[in-house]
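Coordinate analysis (summary)
Below, each chain spelled out in residue letters.
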Amino acid sequence: MARSYVREARRRVGPKSDRIVPVVERLLAEHPDATIALTFRNDLELLVSVMLSAQTTDVNVNRVTKDLFVKYRRPEDYLAVPVEELERDIYATGFYRQKTRSIRGAMRVLLEEFDGEVPRGLDELLRLPGVARKTANVVASELGHAQGIVVDTHVRRLSQRLGLTRNEDPVKIERDLQRVVPRADWARFPHLLIWHGRRVCVARRPHCESCVLVDLCPAARIDVMPG
Ligand code: SF4
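The model shown is predicted, which means the values in this text are computed figures rather than measured ones.

What counts as what
- Residues numbered from 1 in each chain as written.
- Predicted model: local features only at pLDDT ≥ 70, side-chain atom pairs only at ≥ 80, totals over all residues.
- Heavy atoms only, no water.
- 1 Å grid on protein atoms, 1.4 Å probe; cavity = no way out; pocket = protein on both sides within 12 Å on 5 of 7 lines; lining within 4 Å.
- Points joined across faces, edges and corners; volume = space filled by probe spheres on them.
- Helix = DSSP H or I, 4+ residues; strand = E, 2+ residues; numbered from the N terminus.
- Buried < 20%, exposed > 50% of the residue type's maximum accessible area, 1.4 Å probe, protein only.
- Contact = heavy atoms within 4.5 Å.
- Phe/Tyr/Trp six-rings, centres within 6.5 Å; stacked < 30°, edge-to-face > 60°.

1. With respect to the layout of surface pockets
Estimated volume of the largest pocket: approximately 890 Å³. As for the largest pocket, its lining consists of 34 residues, and the residues nearest its centre are Val-50, Ser-53, Ala-54, Asp-58 and Lys-134. Breaking the lining of the largest pocket down by element, the ones donating at least two residues are α3 (43–52), α4 (58–71), α7 (96–113), α9 (133–142), α10 (153–161) and α12 (188–199). By volume, the second largest pocket amounts to about 300 Å³.

As structure tokens, then:
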């Protein structure tokens with residue numbers, strides 16, 4: 001019964017390859033302000049902000065980096081202070097020991113291998129200690145070199161609801177999205193899903209009644225379906 005309902009819902013909305021362009025267009029119209037929520041002024045601040053954002057909110061990171069980026073302006077600055085001092089300065093973002101280790105390691109490699117500049121390619125970013133695929137994807141996308149699609153909890157939930165993936169594993173979800181989302185939209189697509197996920201398609205009870213994707217979404221609540 002449940003399975004036939006899912007099949008029926010998928011038939012109703014049609015194949016994802018036909019839906020993806022209108023999905024992107026409608027989300028763009030709905031959330032023109034959907035961009036990264038971290039505050040940064042240059043590539044280095046972007047990298048550090050994204051590294052600090054693991055396991056905490058962007059608001060929290062912005063609060064900490066407001067002072068941090070006054071004190072630490074170049075990669076050398078993160079290595080010039082005692083470890084405990086940097087730990088204290090980023091303490092409020094949580095996991096401060098591990099983050100301090102990662103940031104200092106990344107700064108060292110930036111200086112040794114990249115002339116102190118943040119590289120733009122995914123492969124180079126992944127050579128920085130403590131920079132995992134998600135961090136590298138976010139940084140590369142913001143620098144205009146999206147080579148993947150960032151998958152966080154909102155992206156996973158909405159991709160599943162919209163029938164763009166049936167997977168749970170972020171790496172497999174990213175692969176599914178790369179197959180269907182036009183390459184030109186790789187950088188902004190996660191932001192659109194994240195903002196839609198925060199405002200409309202919330203985790204517990206999505207607001208399908210006010211969702212612009214209702215006729216394109218196989219998970220739309222039946223009680224709000226038009227017609
Ligand atoms: S129709 Fe409902 S489930 Fe589908 S994307 Fe919109 S809010 Fe989410």
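2. Quick look at the environment of Leu-86
For Leu-86, the position within the fold is in helix α6 (residues 83–90). Judged by relative accessible area, Leu-86 falls into the buried class, the value being 0%. Measuring from C-alpha to C-alpha, the distance between Leu-86 and Tyr-96 comes to 8.7 Å, with 10 residues separating the pair along the chain. The contact partners of Leu-86, leaving out residues within four places of it in the chain, are Leu-68, Tyr-72, Tyr-78, Val-81, Thr-100, Ile-103 and Arg-104.

3. What to know about the packing of aromatic side chains
Under the counting rule described, the total for this entry stands at two aromatic pairs. Both rings, one in Tyr-72 and one in Tyr-78, keep their centres 4.7 Å apart while their planes meet at 20 degrees; by these two values the pair is stacked. The class of Tyr-72 is buried, set by a relative accessible area of 2%. The class of Tyr-78 is buried, set by a relative accessible area of 1%. Arranged with centres 4.8 Å apart and planes meeting at 55 degrees, the rings of Tyr-91 and Tyr-96 form a pair that is tilted. A relative accessible area of 21% means that Tyr-96 is categorised as partly exposed.

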